[in-house]
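Residue-level structure breakdown
Each chain, written out:
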Amino acid sequence: QITTVSGNEFLLQSDTDFLILDWFHAIKNAIDRLPKERSCTSRNLEFKLRRSSSIELLNSLDTESKEPKPEHRKSLIFRLNYSASDTNDRNRVKSRLKKFISRRPSLKTLQEKGLIKDQIFGSHLHLVCEHEKSTVPQFVRLCIKAVEKRGLDVDGIYRVSGNLATIQKLRFVVNQEEKLNLDDSQWEDIHVVTGALKMFFRELPEPLFPYCFFEQFVEAIKIQDNATRIKSVRILVKKLPRPNYDTMKILFEHLKKIAAKESVNLMSTQSLGIVFGPTLLRPEKETGNMAVHMLYQNQIVELMLSEYSKIFGSEED
């Protein structure tokens, strides 16, 4: 985690040691190359390296003095509290952590004892629905209901980001299966609710548009004739698994209501396509065509919003 003197925060995370160290050295070298006169005005930052094994290397700047003496300037630029050269200490820490981790009970054991419950965020859509005996996750329904109650007229709804810490708090509450009341004052910022809903869809192991359908939707959106394009997308949508179809239908019906208030909230179908395109569908393996894919992702969402009744309506419609 990097926090600059201006208050900007950046989080770089990986489970791979050598990748973390590459980032660490790259950032350190970039700081060392800055002019000395800028060393303490532009480099006041905190840098944490986190690993999934709970090793945390904390490297911080001493910011007590705004005008440090020249001989201390170098140490204030980037002082390491963890010595990479101290291999003995590092090996001892690793050894102890390995012993600790090896003694930890398995995930299955913790779940059987009720200490760890099935997560809502980060679980497959069909598993969430099976657990709730539904075809649309309850959390999705609650968020949509809250937004339609107090967010349809909000400028930039779904585009403006909510407070990340509060969103993470909401995520924790949902994953702990605590009773959720989105009318509670702690969730009064509707951007927190929309942020959590987008996070739910982003964290699905497989997106709302399943991977095996991605290329088919892309090929459909490329069709020049509008009527044929709509028909092709409709056929694909009807082939989706039931949880995906039902969740998609209720979500797009909701987003259509957002777009209907464009004159107030400034969120057109195009704006919603830009926000939700990469969130709802993406290729299983990223290629060099990311920019092209993003364009198609946005266009697919935009088409499904503008032609909602034709795509999700009954055959007679």
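See the structure shown above.
Here we summarise the structure given alongside this text. Given the structure is predicted, the values throughout are model-derived calculations rather than measurements.

Quick word on the overall build of the protein
Counting its regular elements, the protein contains 15 helices and five strands. Here the protein holds 317 residues, and the buried ones make up 39% of them. Within the protein, residue pairs in contact and separated by at least 24 positions form 66% of the contacts whose partners lie at least 6 positions apart. For the protein, the accessible area works out to roughly 18,700 Å², and carbon and sulfur atoms hold 51% of it.

What to know about the packing of helix α5 (residues 125-132) against helix α11 (residues 242-260)
Close contact between α5 and α11 brings their axes to 9 Å; oriented N to C, the two are set at 90°. As judged from the angle between their axes, α5 and α11 are roughly perpendicular. Between α5 and α11, the contacting residues are Leu 125, His 126 and Cys 129 on the first element and Pro 243, Asn 244 and Thr 247 on the second. Tallied by class, residues from the contact of α5 with α11 come to three nonpolar, three polar and no charged.

Remarks on the nonpolar core
Within the largest apolar cluster, 67 residues are counted, with the highest numbers of intra-cluster contacts made by Phe 209, Phe 252 and Met 304. With residues up to four places along the chain from it excluded, the contact list for Phe 252 reads Phe 209, Leu 280, Val 301, Met 304, Leu 305, Tyr 308 and Phe 312.

A word on the environment of Ser 232
Mapped onto the secondary structure, Ser 232 falls in helix α10 (residues 226-239). For the pair Ser 232 and Phe 217, spaced 15 residues apart in sequence, the C-alpha to C-alpha distance is 8.3 Å. Excluding its chain neighbours within four sequence positions, the residues that come into contact with Ser 232 are Ala 220 and Ile 223.

Thoughts on unusual backbone geometry
Working note: non-glycine residues mostly have negative phi, and peptide bonds are mostly trans. Positive phi, normally seen in glycine, also occurs at Tyr 158, with a value near 75°. The topology assignment puts Tyr 158 in the loop between α6 (138-150) and α7 (164-175). Non-glycine residue Leu 266 carries a positive phi angle of around 60°. Tracing the chain through its elements places Leu 266 in the loop between α12 (262-265) and α13 (269-280).

Considerations on the pattern of salt bridges
Side chains that differ in charge, positive against negative, can pair when their charged atoms come close. Counting across every chain of the model gives eight salt bridges. Note that Lys 257 and Glu 148 form a salt bridge whose closest N and O atoms lie 3.3 Å from each other. Within this pair, whereas Lys 257 is found in helix α11, its partner Glu 148 is found in helix α6, the two being separated by 109 residues in sequence. With its nearest N and O atoms 3.8 Å apart, the salt bridge here joins Lys 310 to Glu 307.

Observations concerning α7
Side chains of residues three or four places apart in an α-helix project in the same direction, reflecting 3.6 residues per turn. With twelve residues, α7 should cover 16 Å at 1.5 Å per step; its first-to-last C-alpha distance of 16 Å lies within 8% of that length. Ile 167, Leu 170, Val 173, Val 174 and Asn 175 are the residues of α7 that are buried. If you follow the buried residues of α7, they end up packed against α6 and α8 (190-202). Near the N-terminus of α7, the side chain that reaches the backbone nitrogen of Ala 165, with its oxygen 3.1 Å away, is that of Asn 163. Downstream of α7 by a residue or two, Glu 177 has a phi angle that is positive, lying close to 60°.

Concerning the packing of aromatic side chains
Counted by the stated rule, this structure contains eleven aromatic pairs. Relative to Phe 312, the ring of Tyr 245 lies with its centre 5.9 Å away and its plane at 45°, an arrangement referred to as tilted. One end of the pair, Tyr 245, is in helix α11; the other, Phe 312, is in helix α15 (residues 308-312), and 67 residues separate them in sequence. Take Phe 312: its relative accessible area is 4%, and that puts it in the buried class. Put simply, the rings of Phe 209, Phe 213, Phe 217, Tyr 245, Phe 252, Tyr 308 and Phe 312 touch in pairs and so form one group of aromatic residues.

Cut-offs used in this document
- Residues numbered from 1 in each chain as written.
- Predicted model: local features only at pLDDT ≥ 70, side-chain atom pairs only at ≥ 80, totals over all residues.
- Heavy atoms only, no water.
- Helix = DSSP H or I, 4+ residues; strand = E, 2+ residues; numbered from the N terminus.
- Buried < 20%, exposed > 50% of the residue type's maximum accessible area, 1.4 Å probe, protein only.
- Contact = heavy atoms within 4.5 Å.
- Areas by Shrake-Rupley, 256 points an atom, 1.4 Å probe, with all protein chains shown as cover.
- Axes fitted to C-alpha atoms, helices over the stretch in contact; angles between N-to-C directions.
- Parallel < 35°, antiparallel > 145°, perpendicular 65-115°, else oblique.
- Nonpolar A, V, L, I, M, F, W, Y, C, P; charged D, E, K, R; others polar.
- Core = buried A, V, L, I, M, F, W, Y, C linked by side-chain atoms within 4.5 Å.
- Salt bridge = Lys/Arg side-chain N within 4 Å of Asp/Glu carboxyl O.
- Expected span 1.5 Å × (residues − 1).
- Polar contact = N/O pair within 3.5 Å; in protein donor to acceptor, adjacent residues only side chain to side chain.
- Phe/Tyr/Trp six-rings, centres within 6.5 Å; stacked < 30°, edge-to-face > 60°.

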